[in-house]
Structures are given as C-alpha cells and as structure tokens.
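These are the residues of each chain, in order.
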Amino acid sequence: MAMVGVEEAGIVRELVEFATELFVEQDGSEILGAAGFDYDESLARGFIYGPWSVDDDWNGRADRLFEKALEGAAAAMKDVETAFDRANERAAVFAERHGFQLVRDHFTMAMEADDRPRRPDPHIREMTDADRAGIVDLHGRCFERAWPSGEQLLEQLEKGPDRKIFVLYQDGSLAGYHFATVDREVGEAFVDNIGVDERFRGRGIATRLLEHGLAWMFGFDEVGRIELSVRAENTAALKVYEKAGFRKLFAVRQMRMAVKSRP
C-alpha cells in the first residue's frame, strides 16, 4: 500500500525507511506540493505517496506531481498503486480522474497500552534460519502478489533488532507466523503480518500468535500504542483483533491503475 501514516513522526519514519523518491513544487523556499514514488521490481508495480498540496490549484498541482513521478518510472512497470483514507474525497476524485480501480478496503486499527497481564506463549518462538523457506512459502500463500513478498519480509529483519518473526508449529508443520515491529523513537509498534496455514485455521492459531507478539511489543517501556492494517473483507481477522482490544481508526482505500507500455 502507499499510505504513510497520519502523525508527522510516522510519516517521516516511512519515507526514510523506504528511501522514497520525492517530487516537489515550490515557490522560492516554500513547498506547495509533494508526491513520493517507490517501485517494486518483483511486482513490476509503482507506489504513489500523496500527492500532497496546499489548497490553491490542488488538482492541477496533484496531476503535475503525479505525472512527474511517473516520468522516471521503469519501462517494465505494469501498474501503479495508491492508498488513502476513504473519507478523503479529494483523493478519491484524483484516483478516479486517473483511472485507478478499487483493489480492496482496509481498516487501520490501534490498541493502547493497558494494565492487563501479557505472557508469551511457551510453544511460540522466534524464527531461525531453518524456518526461512517455510515462512516465505506460507507468506506467499497468505498474501499472494502483495507487498512485501516473502523474501522482502525477511529482508525487513535486517533493518534493526526491534523486528521479529515468531513461529508456531503444529504436527511438525509451520502453522503460522507473526511479524512484529517496534519503533521506540515514535513510541509505537506494529502488527505487520500474521499468516496461518489454511490447514490449521479455526484452531485459535492467529489469536495465540497475536497475543505472543503483543506481549513482546508491550514489553518495551517506550511502546504506548500498537497499530495494524487488516483487509475489510477479512471478518475472521477483524474478530480476532477486536476481541484482543483493537479499535478501528479509519478505513483505507487501496486502488490500482494499469500503466500503458512506454518506450
């Protein structure tokens, strides 16, 4: 998805982490608008962040920034994706104007730190190298053609020690995993991905993985809030998160536009 958060600290964290290419319009030293662009070679997909613009000439400036971002995009790019708060009418009009089509809606959810006791599950452990192939395979089956891929998921671990993948095995097979991230500077943590093998669904695996990850994340004194994003149609996951204490903040609309062949 191509949404970078609401609070300033979260926006800066996302843009820096993904080394997003930024395009701006300015009048002297005053920035009037900006747009970010990322490209994923494995998906042949671009991701547009924004555009953001002051009210004056919003539509024209947003269009110019969008076109500028696409100018340097890889010739192999097949489509470009955007995501925005579903209540953002201006973004919706922009997406419609450029021919973006609905992919799906997501809910951004959050939980605040509380006094309830949280204990790690003794049957869940941090992944080892021996788990890598199984995690890549399971992630690919749970989140087909989505960012990040299984390989990219594992690459995220290299960005710092406050990123963990926890695994749970059942009957000798990988039943599920939980990828969690802590950002001590911002004071937040994130349930990035929970995947459960379809053979083991309906056994409470997702709940156990979630609770284990929450115990780890809330174990940091700096963490006062945990966020996640879940597909709106995933009613089973929504029930798990709501039962755990997460509440919906807003809905995010994910849209995608096919890109015509370019020289």
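Reference entry: report on the structure contained in this document. Values in this document were obtained by computation on a predicted structure and should not be read as measured data. (Residues numbered from 1 in each chain as written. Predicted model: local features only at pLDDT ≥ 70, side-chain atom pairs only at ≥ 80, totals over all residues. Heavy atoms only, no water.)

Our next topic: the overall build of the chain. What the chain contains, in helices and strands, is seven helices and eleven strands. For 263 residues, the compact-globule estimate of 2.2 N^0.38 gives 18 Å, and the chain sits close to it at 19 Å. Expressed as lengths along the three principal axes of its C-alpha atoms, the size of the chain is roughly 60 × 40 × 30 Å. The burial tally for the chain puts 49% of its 263 residues in the buried class. When contacts within the chain are restricted to residue pairs at least 6 apart in sequence, long-range pairs at least 24 apart make up 67% of them. Surface summary for the chain: the accessible area is close to 13800 Å², and the carbon and sulfur share equals 48%. (Helix = DSSP H or I, 4+ residues; strand = E, 2+ residues; numbered from the N terminus. Rg over C-alpha atoms; globule rule 2.2 N^0.38 Å. Buried < 20%, exposed > 50% of the residue type's maximum accessible area, 1.4 Å probe, protein only. Contact = heavy atoms within 4.5 Å. Areas by Shrake-Rupley, 256 points an atom, 1.4 Å probe, with all protein chains shown as cover.)

Burial within strand 2 (residues 30-40) is extensive, with eight of its eleven residues counted as buried. Two successive antiparallel strands, strand 1 (residues 21-27) and strand 2, enclose a turn made up of two residues, where Gly28 displays a positive phi of approximately 65°. Inspection of the sheet shows strand 2 paired to strand 3 (residues 45-53) by seven bridges, in the antiparallel sense. In the sheet register, Gly33 faces strand 3, and the bridge partner there is Ser53. Once strand 2 ends, the chain turns through four residues before running back antiparallel as strand 3, passing Ala44 with a positive phi of about 55°. (Pairing = 2+ DSSP bridges.)

Quick look at the nonpolar core now. Formed by 32 residues in total, the largest nonpolar core has its most connected members in Val191, Met217, Ile226, Tyr241 and Phe246. Breaking this core down by element, the ones donating at least two residues are strand 5 (101-112), strand 7 (163-170), strand 8 (173-183), strand 9 (188-196), helix 6 (205-217), strand 10 (225-231) and helix 7 (235-244). Residues in contact with Ile226, not counting those within four places in the same chain, are Met109, Ala110, Met111, Ala189, Phe190, Val191, Leu214, Met217, Phe218 and Phe246. In terms of nonpolar packing, the next biggest core, distinct from the first, is built from 21 residues, Ile48, Leu65, Phe100 and Val259 among them. (Core = buried A, V, L, I, M, F, W, Y, C linked by side-chain atoms within 4.5 Å.)

The subject of this paragraph is helix 7. All of the buried residues in helix 7 are Ala237, Leu238, Tyr241 and Ala244. Looking straight down helix 7, one finds its buried side chains confined to an arc of 130°; they lie on one side. Away from its buried face, by an angle of more than 90 degrees, helix 7 presents the exposed residues Thr235, Ala236, Lys239 and Lys243. Residues of helix 7 that are buried make contact with strand 5, strand 9, helix 6, strand 10 and strand 11 (247-258). Backbone geometry just downstream of helix 7 places Gly245 in the positive-phi region, at approximately 115°. (Arc of directions from axis to C-beta.)

What follows covers helix 6. Between its first and last C-alpha atoms helix 6 spans 18 Å; for 13 residues at 1.5 Å apiece the expected length is 18 Å, and the two agree. Where helix 6 is concerned, the buried positions are Ile205, Leu209, Leu210, His212, Gly213, Leu214, Ala215, Trp216 and Met217. (Expected span 1.5 Å × (residues − 1).)

So, on to the environment of Phe37. The residue Phe37 is located in strand 2 in this model. Assessed through its relative accessible area of 6%, Phe37 is described here as buried. Sequence spacing of Phe37 and Lys78 is 41 residues, and the spatial spacing of their C-alpha atoms is 15 Å. Filtering out sequence-adjacent residues up to four positions away, Phe37 remains in contact with Thr20, Glu21, Phe23, Gly46, Phe47, Ile48, Tyr49, Ala69, Leu70, Ala73, Met77 and Val80.

Looking now at the side chain of His106. Tracing the backbone through its elements, the reader meets His106 in strand 5. A distance of 2.7 Å separates the side chain of His106 from the side chain of Gln254, its partner in a polar contact. (Polar contact = N/O pair within 3.5 Å; in protein donor to acceptor, adjacent residues only side chain to side chain.)

With that out of the way, let us pick up unusual backbone geometry. With the exception of glycine, the majority of residues adopt a negative phi angle, and the majority of peptide bonds are in the trans configuration. Gly50 connects to Pro51 through a cis peptide bond whose omega is 0°. Of note, the amide linkage connecting Trp147 to Pro148 takes the cis form, showing an omega dihedral of -5°. Positionally, Pro148 belongs in the loop between helix 4 (132-142) and helix 5 (150-156). In the Ramachandran plot, Asp57 falls in the positive-phi region, its phi being about 55° despite a non-glycine side chain.

Right, let's talk about the packing of helix 6 against helix 7 for a bit. Two numbers describe how helix 6 lies on helix 7: the axes approach to 10 Å, and their chain directions differ by 40°. The angle between helix 6 and helix 7 places the two elements in the oblique class. Of the two elements, helix 6 crosses helix 7, and the hand of that crossing is right-handed. Facing helix 6, whose interface residues are Ala206, Thr207, Leu210 and Glu211, helix 7 presents Val240, Tyr241 and Ala244. (Axes fitted to C-alpha atoms, helices over the stretch in contact; angles between N-to-C directions. Parallel < 35°, antiparallel > 145°, perpendicular 65-115°, else oblique. Left-handed = near helix turned anticlockwise from the far one by under 90°.)

For the rest of this paragraph, the subject is the sheet that holds strand 5. Pairing in this open sheet of eleven strands is mixed, and the strands run 1-2-3-4-11-5-10-9-8-7-6 from one edge to the other. Whereas interior strands pair on both sides, the edge strands pair on one side only; in this sheet they are strand 1 and strand 6 (124-126). Each strand axis lies, on average, 25° off the axis of its neighbour in the sheet, ignoring direction. Pairing between strand 1 and strand 2: seven bridges, direction antiparallel. Counted as the bridge partner of Gln26 is Ile31 from strand 2. On top of the sheet, helix 2 (residues 58-71) reaches strand 1, strand 2, strand 3, strand 4 (79-85) and strand 11; it is set at about 150° to strand 3, its chief contact. Here helix 4 sits on the sheet in contact with strand 7, strand 8 and strand 9, set at roughly 85° to strand 8.

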